[in-house]
Amino acid sequence: KVLRLKTESGVLERALGDFNVEGVSIEWKPFLVDATLEDLNNALLQKPSLFHFSGHGQFKERDDQGSLVLLKDKQDKAPDFLLAEDLAKRLRAAGVRLAVLGACESSRIQGKSPWTSIAPALVVAGVGAVIAMQYEVEDDKAILFDQAFYSALAAGLTVDEGVSVGRLAVLEKSSDKGVEWGV
């Protein structure tokens with residue numbers, strides 16, 4: 001499934017472009033495109049407070065494992081699956097305080113242990129707040145959530161308030177039977 005990552009990065013830049021919360025500043029780092037594990041590790045050396053991932057995630061029921069999909073290398077674009085526990089170790093070491101995971105099934109819990117899913121693994125590792133998806137969400141709805149969520153943060157709202165604003169924005173653009181607002 002092709003994601004509109006360029007559109008999403010533009011939405012994030014616009015939403016946070018006028019960030020003006022007293023005592024808080026934003027220092028932008030470039031968006032990683034077609035990221036490999038090495039790219040991720042190098043970016044985390046900068047010790048970001050906020051980690052935003054837009055891409056694919058999966059939860060393999062037979063293995064009870066959640067993972068994010070990176071690339072093994074940029075030439076052949078073969079997938080490389082970063083397991084929840086491995087991501088958690090990296091984000092903890094970097095001091096990430098907020099993780100926003102725009103990846104399907106990044107908070108899906110099923111099976112023997114809830115801690116093998118990405119979002120719970122991050123919380124257990126000490127990431128203060130994690131926003132993730134339980135199931136698949138249409139790309140346009142994920143982008144809409146991001147726009148509203150980050151605009152709310154830029155206006156000085158808390159993470160919880162931002163999540164509510166993001167969900168309401170998705171609900172307003174969903175059909176009567178749409179469930180993306182709660183995913």
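Overview of the structure. Just so it is clear, the model here is predicted, and its values are computed rather than measured.

This part is about the layout of surface pockets. Rolling a probe over the atoms, with the probe sized like a water molecule, indicates the empty space that remains. There is about 1900 Å³ of room inside the largest pocket. F31, L50, F51, H52 and F53 are, among the 50 residues lining the largest pocket, the residues nearest its centre. Among the secondary structure elements, those contributing two or more residues to the lining of the largest pocket are α1 (5-17), α2 (37-44), β1 (50-54), β3 (65-71) and α5 (139-154). With six residues, the top contributor of residues to the lining of the largest pocket is α1. Grouping the constituent residues of the lining of the largest pocket by class yields 31 nonpolar, ten polar and nine charged.

What follows deals with α1. With 13 residues, α1 should reach 18 Å at 1.5 Å per residue; the first-to-last C-alpha distance of 18 Å fits that figure. Among all positions of α1, only E8, S9, G10, V11, L12, A15 and L16 are buried. Buried-residue contacts for α1 involve β1 and α5.

With that settled, consider the sheet that holds strand β6 (residues 129-131). An order of β1-β5-β6 is seen for the three strands of this open sheet, with the pairing classed as parallel. Pairing within the sheet leaves two strands with one partner each, and these edge strands are β1 and β6. Taken pair by pair, the neighbouring strands of this sheet meet at an average axis angle of 10°, ignoring direction. As judged from the five bridges shared by β1 and strand β5 (residues 98-102), these two strands associate in the parallel manner. Within β5, the residue paired with F53 across the bridge is L101.

Now for the nonpolar core. Counting residues in hydrophobic clusters, the biggest one holds 22 residues, and the most contacted among them are F51, L87, L91 and L122. Element by element, the count of residues in this core is highest for helix α3 (residues 84-94), at five residues. Among all residues touching L91, those that are not within four sequence positions of it are L44, F51, V96, A99, L122 and V127. Residues V100, L144, Y150 and A169 belong to the second largest nonpolar core, which totals 16 residues.

Calculation criteria
- Residues numbered from 1 in each chain as written.
- Predicted model: local features only at pLDDT ≥ 70, side-chain atom pairs only at ≥ 80, totals over all residues.
- Heavy atoms only, no water.
- 1 Å grid on protein atoms, 1.4 Å probe; cavity = no way out; pocket = protein on both sides within 12 Å on 5 of 7 lines; lining within 4 Å.
- Points joined across faces, edges and corners; volume = space filled by probe spheres on them.
- Helix = DSSP H or I, 4+ residues; strand = E, 2+ residues; numbered from the N terminus.
- Nonpolar A, V, L, I, M, F, W, Y, C, P; charged D, E, K, R; others polar.
- Expected span 1.5 Å × (residues − 1).
- Buried < 20%, exposed > 50% of the residue type's maximum accessible area, 1.4 Å probe, protein only.
- Contact = heavy atoms within 4.5 Å.
- Pairing = 2+ DSSP bridges.
- Axes fitted to C-alpha atoms, helices over the stretch in contact; angles between N-to-C directions.
- Core = buried A, V, L, I, M, F, W, Y, C linked by side-chain atoms within 4.5 Å.

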